[in-house]
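Listed here are the chains, written in short residue letters.
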Amino acid sequence: MTAAIRLDLDDPVPPYEQIRRQLGSLITVGALEPGSRLPTVRSLAADLGIAAGTVARAYKELEQSGLIESRRRNGTIVVGPPQATPGQPGGEPAVMAAIDGLIHVAREAGVSDSTLVDLLRGRLASKLDP
């Protein structure tokens, strides 16, 4: 699980937000299914080489958004992605398939994940202009 989380300490986005975004994405796309256990705060912090408080903040925000739940004896588990309402594009299978296809093509072309995200953000921003 830790291998799926990558931190870029040169990124202006704070590490807790990078963790929150990545875990949130993994939950939303179903890579982390409901009932899956997350590493303990201390364990993930040690694996990433960061302070436990950083991971704790990411977990707290994920819990507040309803994606995970912390239980004293059972650890932290995935509750699941937010329920998509009918007509909400984020949950449409065609959108998810297109995203998966984009990732596949980008990786075959040797485009890094961070570059792909930057390209996508740039295209989205350019499409917002009237």
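Up top you'll find the structure we're talking about.
Read on for a plain summary of the structure. Position numbers for residues start from 1 in each chain and track the written sequence from start to end. Totals for whole chains, interfaces and linings use every residue, but because this is a predicted model, local features are given only for residues with pLDDT of at least 70 and side-chain atom pairs only at 80 or more, for both listing and counting. Heavy atoms throughout the structure, all of them, feed into the side-chain values; hydrogens and water do not.

## Concerning the nonpolar core
- Counting residues in each nonpolar core, the largest one holds 19 residues, and the members touching the most others are Ile19, Leu23, Leu32, Leu38, Val55, Tyr59 and Ile68.
- Secondary structure elements are defined from DSSP: runs of H or I of at least 4 residues count as helices, runs of E of at least 2 residues count as strands, and each element is numbered from the N terminus. Only helix 1 (15-28), helix 2 (41-48) and helix 3 (52-64) provide two or more residues apiece to this core.
- The biggest single contributor to this core is helix 1, with five residues. Side-chain atoms within 4.5 Å link the members of a nonpolar core, which is a set of buried Ala, Val, Leu, Ile, Met, Phe, Trp, Tyr and Cys residues. Remark: exposure states derive from per-residue accessible area (1.4 Å probe, protein chains only) relative to the maximum for the residue type, with buried under 20%, exposed over 50%, and partly exposed in between.

## Some remarks on helix 2
- All buried positions along helix 2 are accounted for by Leu44, Ala45 and Leu48. One side of helix 2 carries all its buried residues, which in axial view fall inside an arc of 100°. Set apart from the buried face of helix 2 by more than 90 degrees, the exposed residues are Arg42 and Ala46.
- Any two residues having at least one pair of non-hydrogen atoms within 4.5 Å are treated as being in contact. Taken together, the buried residues of helix 2 touch helix 1 and helix 3.
- Once helix 2 ends, the next one or two residues include Gly49, with phi positive near 70°. Within this analysis, the arc is defined by the directions that extend from the helix axis to the C-beta atoms.

## What about a nonpolar patch on the surface?
- Judged by side-chain polarity, Val95, Ile99 and Ile103 come together as a nonpolar surface patch covering roughly 190 Å² of accessible area.
- Tracing the backbone through its elements, the reader meets Val95 in helix 4 (residues 93-108).
- For Val95, a relative accessible area of 32% translates into the label partly exposed. Here the term patch refers to residues with relative accessible area over 30% and no salt bridge, with like charges joined within 9 Å and nonpolar side chains (Val, Leu, Ile, Met, Phe, Trp, Tyr) within 5 Å. To measure how exposed things are, a 1.4 Å probe is used in the Shrake-Rupley method; for residues, cover is taken only from the protein chains shown. Each salt bridge in this description consists of a side-chain nitrogen of Lys or Arg and a carboxyl oxygen of Asp or Glu lying within 4 Å of one another.

## Considerations on the packing of helix 1 against helix 3
- For the pair helix 1 and helix 3, the least separation of the axes is 8 Å and the interaxial angle reads 45°. Judged by the inter-axis angle, helix 1 sits oblique to helix 3. In the packing of helix 1 onto helix 3, the handedness of the crossing is right-handed. Judged by residue contacts, Pro15, Tyr16, Glu17, Ile19, Arg20, Leu23 and Gly24 of helix 1 engage Thr54, Val55, Arg57, Ala58, Tyr59, Glu61 and Leu62 from helix 3. Axes, fitted as lines to C-alpha atoms, cover a helix only where it is in contact. Angles between the N-to-C directions of the axes lie from 0 to 180 degrees. Note that the term roughly parallel is reserved for angles under 35 degrees, roughly antiparallel for angles over 145, roughly perpendicular for angles of 65 to 115, and oblique for everything else. Should the near helix be turned anticlockwise from the far one by less than a right angle, the crossing is left-handed, and should it be turned clockwise, the crossing is right-handed.

## Things to note about the environment of Ala56
- Structurally, Ala56 is set in helix 3.
- Among the residues examined, Ala56 registers a relative accessible area of 32% and is labelled partly exposed.
- For the pair Ala56 and Thr40, spaced 16 residues apart in sequence, the C-alpha separation works out to 9.2 Å.

## Re the sheet that holds strand 1 (residues 37-38)
- Pairing is antiparallel in the open sheet, where three strands are placed in the order 1-3-2. If you trace the sheet from one side to the other, it starts and ends with strand 1 and strand 2 (68-71), each paired once.
- Here a strand pair is declared whenever DSSP counts at least two bridges between the two strands. As paired strands, strand 2 and strand 3 (residues 75-78) are joined by four bridges and run antiparallel to one another. Looking across to strand 3, one finds that Ser70 is bridged to Thr76.
- Sheet strands touched by helix 3: strand 1, strand 2 and strand 3. Its angle to strand 2, the strand with the most contacts, is close to 115°.

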